Amino acid sequence: MATETLKKMTGDEMIALTKQHTLFEWSAQSKVDPIPVARAKGIYFWTPEGKRFIDFNSQLMCVNIGHGDERVIHAIQEQAAVLAYANPFMATEPRARLGAKLARIAPGDIDVFFFTNGGAEANENAIKLARLYTGRHKILARYRSYHGATAGSMMLTGDPRRWASEPGMPGVVHVLDPYHGIERGWDSAEESLAMLEEIIELEGPKTIAAFVLESVTGTNGVLIPPDGYMQGVRALCTKHGILMICDEVMAGFGRTGEWFAIDHWKVVPDLLCMAKGLTSAYVPLGAVGMRRAIADHFKDKVFYGGLTYNSHPLGCAAALATLQVYEDDKLIENARKMGTVMKGLMADLAKRHPSVGAARSIGLFGLIELVRDRAKKTPLAPFNGTSDEMAALAKFFRQEGLYTFVRWHTFFTNPPLCVTEAELREAFAIIDRGLEITDRAVK
Ligand SMILES: Cc1ncc(COP(=O)(O)O)c(C=O)c1O
């Protein structure tokens, strides 16, 4: 059979054919305006025509080690050559090694893992584990959160992406966060914990299986909890026999300058959900980690959960190589060090640009909230909406070759953890110029 060499597509061809035959997520299809991507290396990616972008969002806050790392690529290639797939009832070497490795880096006695295809499925299985273990039904979750788009995880999700899927899985009760938006600001840890305990009492503690929360909230605002909040949540959960589920799909694997964000507060959750940075998205893989007591419960009781691609050898091999890169290149230390540089750059923007209403970060996990009135802190776009100014800022970033998420009145600063100080400064110089656009909207 003759083999045909396919001509490489242009960016426009890629876009046209992609739009014709594939569906883009979270979008009305006529509104999507994708960037065609041909290749990527380190903190950069390129279009087929050679336009370079700084990846200041690590794609979807997931390519933590940076693009094109040969060590991970080789590990995937080697695993594919030896054993691309084995079903989940088999034992394989990458699965065995990855479970043991994660047990060493996860907090406390979290040392058993169930592997999934991604973050939403990690949360789905965490709910199953919590319900089976406690024999209780309800799940508490927070409004300012995203937990994934599968049926159950969508109902855990607090942000407006949930609305279109309602009514869904019953039994989820949403609670308020310590943060109430830029105009109202933060509750103290004590105030927020008092509200939480009141809801637990009103719902009936013995009906609640788990409280699921992002250790540092991601897309809903890089919300870093006040000191004492996580310890207080842990204490309340323990007091009432409720499992604490930390969703670290976005915040895990060095993003905040620790292996896991919860490590900042020295708290051990009962279940820990992860994905994204686990393989730095080189191939899909998620996991839910559980404390020993929960794992032991399933020695004699059936765990009713399964996936064809559970513990996929390619995913496990990619994760092992990725974890080695974090260690060999000291990327978590770098996130801490570059995080300090980034904090300084963000504070400098806040000082000089009247449209910057808030700038916060932890490690290399950062976000800026823009306002049109600095005294009243009126956001530059409404809740769940956009504005001409935010659209103009997004357009400017794209023209200038800076890729990041622009959402409502906010934008993110989440580079890969291998970023250098010079690269950070290069990106912030573009942001600095972009903010001249939004400054013009300030009264
Ligand atoms: C905190 C959090 N949880 C869960 C998910 C869902 O992960 P996935 O898209 O891999 O299903 C995400 C995705 O962005 C996330 O940020």
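Scroll up to find the structure.
Overview of the structure.

Calculation notes
- Residues numbered from 1 in each chain as written.
- Predicted model: local features only at pLDDT ≥ 70, side-chain atom pairs only at ≥ 80, totals over all residues.
- Heavy atoms only, no water.
- Helix = DSSP H or I, 4+ residues; strand = E, 2+ residues; numbered from the N terminus.
- Rg over C-alpha atoms; globule rule 2.2 N^0.38 Å.
- Contact = heavy atoms within 4.5 Å.
- Buried < 20%, exposed > 50% of the residue type's maximum accessible area, 1.4 Å probe, protein only.
- Phe/Tyr/Trp six-rings, centres within 6.5 Å; stacked < 30°, edge-to-face > 60°.
- Lys NZ or Arg CZ within 6 Å of the ring centre and 35° of its normal.
- Pairing = 2+ DSSP bridges.
- Expected span 1.5 Å × (residues − 1).
- Axes fitted to C-alpha atoms, helices over the stretch in contact; angles between N-to-C directions.
- Salt bridge = Lys/Arg side-chain N within 4 Å of Asp/Glu carboxyl O.

## Side note on the overall build of the protein
- Scanning the protein for helices and strands turns up 13 helices and 16 strands.
- Against the compact-globule benchmark of 22 Å for 443 residues, the protein has a radius of gyration of 22 Å, which places it among compact chains.
- Principal-axis analysis of the C-alpha atoms gives the protein an extent of 70 × 60 × 40 Å.
- Sequence separation of at least 24 residues holds for 72% of the intrachain contacts in the protein that already meet a minimum separation of 6.

## What about unusual backbone geometry?
- At the junction of Glu-166 and Pro-167, the peptide bond is cis and its omega measures out at -5° in the coordinates.
- Unlike most non-glycine residues, Lys-276 shows phi in positive territory, near 30°.
- With respect to the helices and strands, Lys-276 occurs in the loop between β9 (271-274) and β10 (286-291).
- Judged by its relative accessible area of 23%, Lys-276 is partly exposed.

## A closer look at the packing of aromatic side chains
- All told, the structure shown has 16 aromatic pairs when counted by the stated rule.
- Their ring planes at 20° and their centres at 6.2 Å tell us that Phe-253 and Tyr-326 sit as a pair that is stacked. Highlighted residues: Phe-253 in the loop between β8 (243-247) and β9 and Tyr-326 in helix α10 (residues 313-328), separated in sequence by 73 residues. Tyr-326 carries the same exposure label as Phe-253, and that label is buried.
- Where Phe-397 meets Phe-411, the ring centres are 5.3 Å apart and the plane angle is 70°; that geometry is what we call edge-to-face. Placement of Phe-397 in helix α12 (residues 388-399) and of Phe-411 in strand β16 (residues 410-413) is noted, with a sequence separation of 14 residues between them.
- We classify Phe-397 as buried; its relative accessible area is 2%.
- Its end group placed over the ring of Trp-26, Arg-161 keeps NZ or CZ at 5.7 Å from the ring centre.
- The ring of Tyr-179 has Arg-360 lying over it, and the distance from NZ or CZ to the ring centre is 4.9 Å.

## What to know about the pairing of strand β3 (residues 52-55)
- With three bridges connecting them, strand β2 (residues 44-46) and β3 associate as antiparallel partners. Across the sheet, the residue bridging to Phe-45 is Phe-53, located in β3.
- With antiparallel pairing between neighbouring strands as the criterion, β2 and β3 make up a hairpin whose turn holds five residues, including Gly-50 at a positive phi of roughly 95°.
- In the sheet, β3 pairs with strand β14 (residues 402-403) via two bridges, with the strands oriented parallel. Along β14, the bridge assignment pairs Ile-54 with Leu-402.

## Structural notes on helix α8 (residues 229-240)
- An ideal rise of 1.5 Å per residue puts 16 Å on twelve residues; α8 measures up with 17 Å between its terminal C-alpha atoms.
- Where α8 is concerned, the buried positions are Tyr-229, Met-230, Gly-232, Val-233, Arg-234, Leu-236, Cys-237 and His-240.
- A positive phi of about 65° marks Gly-241, the residue just after α8.

## Digging into the sheet that holds strand β1 (residues 39-41)
- Taken in spatial order, the four strands make up an open sheet running β1-β2-β3-β14, and their pairing is mixed. The outermost strands of the open sheet, each flanked by one partner alone, are β1 and β14.
- Relative to β3, helix α13 (residues 421-439) is tilted by about 105°, and along the sheet it contacts β2, β3 and β14.

## Looking at the pattern of salt bridges
- For the structure on display, the rule yields 26 salt bridges.
- Ionic pairing is found between Arg-407 and Asp-159, a salt bridge with its closest N-O pair at 3.0 Å. One end of the pair, Arg-407, is in strand β15 (residues 406-407); the other, Asp-159, is in the loop between α6 (151-156) and β6 (172-175), and 248 residues separate them in sequence.
- Among the residues examined, Arg-407 registers a relative accessible area of 13% and is labelled buried.
- Residue class for Asp-159 comes out buried when judged on its relative accessible area of 1%.
- Here Asp-270 ties to Arg-291 by a salt bridge, and the two come within 3.6 Å at their closest N and O atoms. Taken as a pair, Asp-270 in the loop between β8 and β9 and Arg-291 in strand β10 lie far apart in primary sequence, 21 residues in all.
- Overall, the relative accessible area of 8% leaves Asp-270 in the buried class.
- Overall, the relative accessible area of 23% leaves Arg-291 in the partly exposed class.

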